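A closer look at the structure
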Amino acid sequence: TEALEGADRINAIVESVRLFADGHRAPVGPVHLNRIVEAAIQMAWPLVGRRARIEQRLKPVPQVVASGSRLADAVLKLLVVAAESIPDGHAQEHSITVASWFDADANEVVLEVADTGQGMAPEAAARAFDLPLHAREGMNVFGLPLAYRLVTSMGGGMTIASSRQFGTRVQVMLPPVSASVRPA
């Protein structure tokens, strides 16, 4: 049984790695968002697991119009940025919540990554998706801007809300394959 569990884990990791290969050449088409999110969580776990608990709140959603590898890259960047905002070794005190849902009124699928990390000052949050002119040591300054560019390159959008008191919440909005598609 342990050998089978180990083989299943290796297969899951290989599938996760495949999502990230040839990312920027991958065509846009129907993609299962929640599968991408689960693969990105597996890839980010070595960093995230030292810093926070992961809370998954993935609701059934329609497929989205995206490139699987670009979307996986964007989600991984969001998870890494969230984890890096939390001090190492305090996993029981912090969480990263990953949620998905379909917003029928806006006709879009929403992915939210929220953390209980150090948050940003309002001025920094307003410029979070801009490429940085300078950086503090140890700060991941490219994660959010690159995630933003990946998402918008697929016709999606991204918003951020952050405070020093409550952490940061990033929402990614993506078009569903079809408005008539029921959540899968």
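Quick look at the structure, then. (Residues numbered from 1 in each chain as written. Predicted model: local features only at pLDDT ≥ 70, side-chain atom pairs only at ≥ 80, totals over all residues. Heavy atoms only, no water.)

Right, let's get into the sheet that holds strand β2 (residues 53–58). Two orientations exist for strands paired in a sheet by backbone hydrogen bonds: parallel and antiparallel. The strand order across the open sheet formed by five strands is β2-β4-β5-β7-β6, and the pairing between neighbours is mixed. At either margin of the open sheet sits one strand with a lone partner, and together these are β2 and β6 (157–163). Here the strands of the sheet are splayed against their neighbours by 10 degrees on average, with no regard to which way each runs. Bridging between strand β4 (residues 95–103) and strand β5 (residues 108–115) involves eight bridges; their strand directions are antiparallel. (Pairing = 2+ DSSP bridges. Helix = DSSP H or I, 4+ residues; strand = E, 2+ residues; numbered from the N terminus. Axes fitted to C-alpha atoms, helices over the stretch in contact; angles between N-to-C directions.)

The subject of this paragraph is the environment of E112. As for its position among the elements, E112 is in strand β5. In the structure, E112 is positioned 55 residues away from R57 in sequence and 9.4 Å away in space, judged by C-alpha atoms. Excluding residues within four positions of it along the chain, E112 makes contact with T97, V98, A99, W101, R169, V170 and Q171. At a separation of 3.5 Å, a polar atom in the side chain of E112 contacts the side chain of R169. Side-chain polar atoms of E112 contact the side chain of Q171, separated by 2.6 Å. (Contact = heavy atoms within 4.5 Å. Polar contact = N/O pair within 3.5 Å; in protein donor to acceptor, adjacent residues only side chain to side chain.)

This part is about the nonpolar core. Residues L33, L71, L79 and I96 are the most contacted members of the largest nonpolar core, which totals 43 residues. Of all elements in the fold, only α2 (33–51), β3 (64–66), α3 (68–84), β4, β5, α5 (143–152) and β7 (167–174) reach the threshold of two or more residues within this core. Residue contributions to this core peak at eleven residues, all from α3. In this view, L33 contacts V61, V64, L71, S100, V109, V110, L111 and L174; residues no more than four positions away in its chain are not counted. (Core = buried A, V, L, I, M, F, W, Y, C linked by side-chain atoms within 4.5 Å. Buried < 20%, exposed > 50% of the residue type's maximum accessible area, 1.4 Å probe, protein only.)

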